[in-house]
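Overview (structure and organization)
Each chain, letter by letter, is given below.
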Amino acid sequence: MNETMSWFQMALQLKGSVAIKVLPRAFICSLFGLLISLIYDSKLPFPWHNLGTITTNVVFSLVLGLLLVFRTNTAYDRFWEGRKAWGTLVINIRSLARQIYTGVAAESETDKTEKNQKLKLLVAFAIVTKLHLRREPVTEELEPWLTPTELVKLKQVKTPPLEIICWLGEYLEKQGKKGCLNYYQLTAMNQLIDKLVEGLTSCERILNTPIPLAYVIYLKRLLLIYCFFLPFQLVSNSEWLTAFLVFLISFALFGIEEIGNEIQEPFGYDPNDIPLDQICRTIQSNIEDLIDLSDSNNLEKELENLG
């Protein structure tokens, strides 16, 4: 019973669906269908079936169906590629955090503070990447993870994520020169940084490569042609039900097209976009746990020394 109710609740819920965006277009087509019903009821001589043949034409319907499927698949490919890119970013951020935590020796209190600050830079990188992909400026959301000087610098650069990458690279090189990292550790960490750049670039490629405008326009025109000629095909058999049937069919077609529109840009705030805020909170929680673990280990060592 619970599963049945859950299925119906999901089928009827508005949050996460494209129903609100599609309804106005479907209502317009439905009103046109009502107008055709009125004209048909007036018994005016008119070649109804001749105009309606476009909707029953196999070639036209096949072309429209293929375009809709291709449109949706193309949009989903962009969504899925974006999700994989962010999955790669999460993996590499966690791996780099672990290697900095275990590999970089911190003898003095200054070294410990600097090490923790560089771990926080990994959270800052995730947040800045999210803002960068949403074409938003650096915000106060970064204050807990950056020093005031770093925050000012980020506001002045054009590509903040790359600036943080440079800071992390400089820190690792510095630790290598101090002897806190051996050659193999330094190489492994730099490879992880390269993968962060690769993930960022993959997301930028999706963001800066929209689906060709001519293709989008052509699909919309075909949808309009189909939906506005549909009443001529239905009215002779459906009469006053024509408006309702046109509404249902156009609602379905416009809905499929709108799903493609929504998921083709997967880094925004729509319910169907990649949950970047949640991913950033997960990374934040991981780094906080690592810093807390570092602080507790340091406290245990101090107590042992006192003992």
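Predicted, not measured: the structure shown is a model, and the values here were computed from it.

Examining the side chain of Glu-258
Mapped onto the fold, Glu-258 is located in helix H10 (residues 242-263). At a separation of 2.7 Å, a polar atom in the side chain of Glu-258 contacts the side chain of Arg-25. Setting aside anything within four residues of it in sequence, one finds Glu-258 in contact with Val-18, Lys-21, Val-22 and Arg-25.

Let's talk about the UniProt feature "transmembrane region" (unreviewed entry) in the protein
Per the UniProt annotation, the sites labelled "transmembrane region" (unreviewed entry) are residues 22-40, 46-70, 215-234 and 240-256. Secondary structure content for residues 215-234 is 100% helix and 0% strand, while the C-alpha to C-alpha distance between its ends is 29 Å. Along residues 240-256, the helical share is 88% and the strand share 0%, with 26 Å between the first and last C-alpha atoms.

Section: the pattern of salt bridges
Considering all chains together, one arrives at twelve salt bridges under this definition. The residue Arg-205 makes a salt bridge to Glu-81 at a minimum N-O spacing of 2.1 Å. Note that Arg-205 is positioned in helix H8 (residues 183-207) and Glu-81 in helix H4 (residues 58-103), a separation of 124 residues in sequence. For Arg-205, a relative accessible area of 42% puts it in the partly exposed group.

Digging into the environment of Thr-242
Topologically, Thr-242 is positioned in helix H10. Taking relative accessible area as the criterion, Thr-242 reaches 0% and is therefore assigned buried. Here the alpha-carbon distance between Thr-242 and Leu-35, two residues 207 residues apart in the chain, equals 9.6 Å. Setting aside chain neighbours within four positions, we find Thr-242 in contact with Gly-33, Ser-37, Pro-231, Leu-234 and Val-235. Within the structure, the side chain of Thr-242 is placed 2.6 Å from the backbone oxygen of Glu-239, a separation counted as a polar contact.

Considerations on the nonpolar core
Counting residues in each nonpolar core, the largest one holds 54 residues, and the members touching the most others are Trp-86, Leu-142, Ile-164 and Phe-267. Listed by contribution, the elements that provide at least two residues to this core are H4, helix H5 (109-133), helix H6 (148-156), helix H7 (160-178), H8 and helix H11 (276-306). In this structure, Cys-29, Tyr-215, Val-216 and Leu-222 belong to the second largest nonpolar core, which totals 20 residues.

Notes on H5
Along an α-helix, residues three or four positions apart point the same way, because every turn accommodates 3.6 residues. Taking 1.5 Å of rise per residue, 25 residues should cover 36 Å, and H5 covers 36 Å from first to last C-alpha, within 8% of that figure. Of all 25 residues making up H5, 21 are buried, and the element is well covered by its neighbours. The positive-phi residue at the C-terminal boundary of H5 is Arg-135, with phi of around 55°.

Quick look at the packing of helix H2 (residues 19-41) against helix H9 (residues 213-238)
Where H2 meets H9, the closest approach of the two axes is 9 Å, and the angle between their N-to-C directions is 40°. With respect to H9, the axis of H2 lies oblique. The crossing of H2 and H9 is right-handed. When H2 is examined against H9, the residues Ile-28, Cys-29, Phe-32, Gly-33, Ile-36, Ser-37 and Tyr-40 are found in contact with a partner set consisting of Cys-227, Phe-228, Pro-231, Phe-232, Val-235 and Ser-236. A breakdown of the residues in the contact of H2 with H9 according to their chemical character gives ten nonpolar, three polar and no charged.

Details of the side chain of Glu-150
Looking at the secondary structure, you find Glu-150 in helix H6. No salt bridge is formed by the buried Glu-150; its nearest oppositely charged neighbour, Lys-118, is found at 4.1 Å. In this structure Glu-150 touches Gln-117, Lys-118, Leu-121 and Trp-167, once residues within four positions along its chain are discounted.

Some remarks on unusual backbone geometry
We note that Arg-135 has phi near 55°; this positive angle belongs to a residue other than glycine. As for its position among the elements, Arg-135 is in the loop between H5 and H6. The backbone of Glu-239 shows a phi angle near 50°, a positive value even though the residue is not glycine. Along the chain, the position of Glu-239 falls in the loop between H9 and H10. Its relative accessible area of 42% is what places Glu-239 among the partly exposed residues.

Rules of the game
- Residues numbered from 1 in each chain as written.
- Predicted model: local features only at pLDDT ≥ 70, side-chain atom pairs only at ≥ 80, totals over all residues.
- Heavy atoms only, no water.
- Helix = DSSP H or I, 4+ residues; strand = E, 2+ residues; numbered from the N terminus.
- Polar contact = N/O pair within 3.5 Å; in protein donor to acceptor, adjacent residues only side chain to side chain.
- Contact = heavy atoms within 4.5 Å.
- UniProt positions renumbered as here; feature names shortened; annotations may be inferred.
- Salt bridge = Lys/Arg side-chain N within 4 Å of Asp/Glu carboxyl O.
- Buried < 20%, exposed > 50% of the residue type's maximum accessible area, 1.4 Å probe, protein only.
- Core = buried A, V, L, I, M, F, W, Y, C linked by side-chain atoms within 4.5 Å.
- Expected span 1.5 Å × (residues − 1).
- Axes fitted to C-alpha atoms, helices over the stretch in contact; angles between N-to-C directions.
- Parallel < 35°, antiparallel > 145°, perpendicular 65-115°, else oblique.
- Left-handed = near helix turned anticlockwise from the far one by under 90°.
- Nonpolar A, V, L, I, M, F, W, Y, C, P; charged D, E, K, R; others polar.
- Lys, Arg positive; Asp, Glu negative; His and termini not counted.

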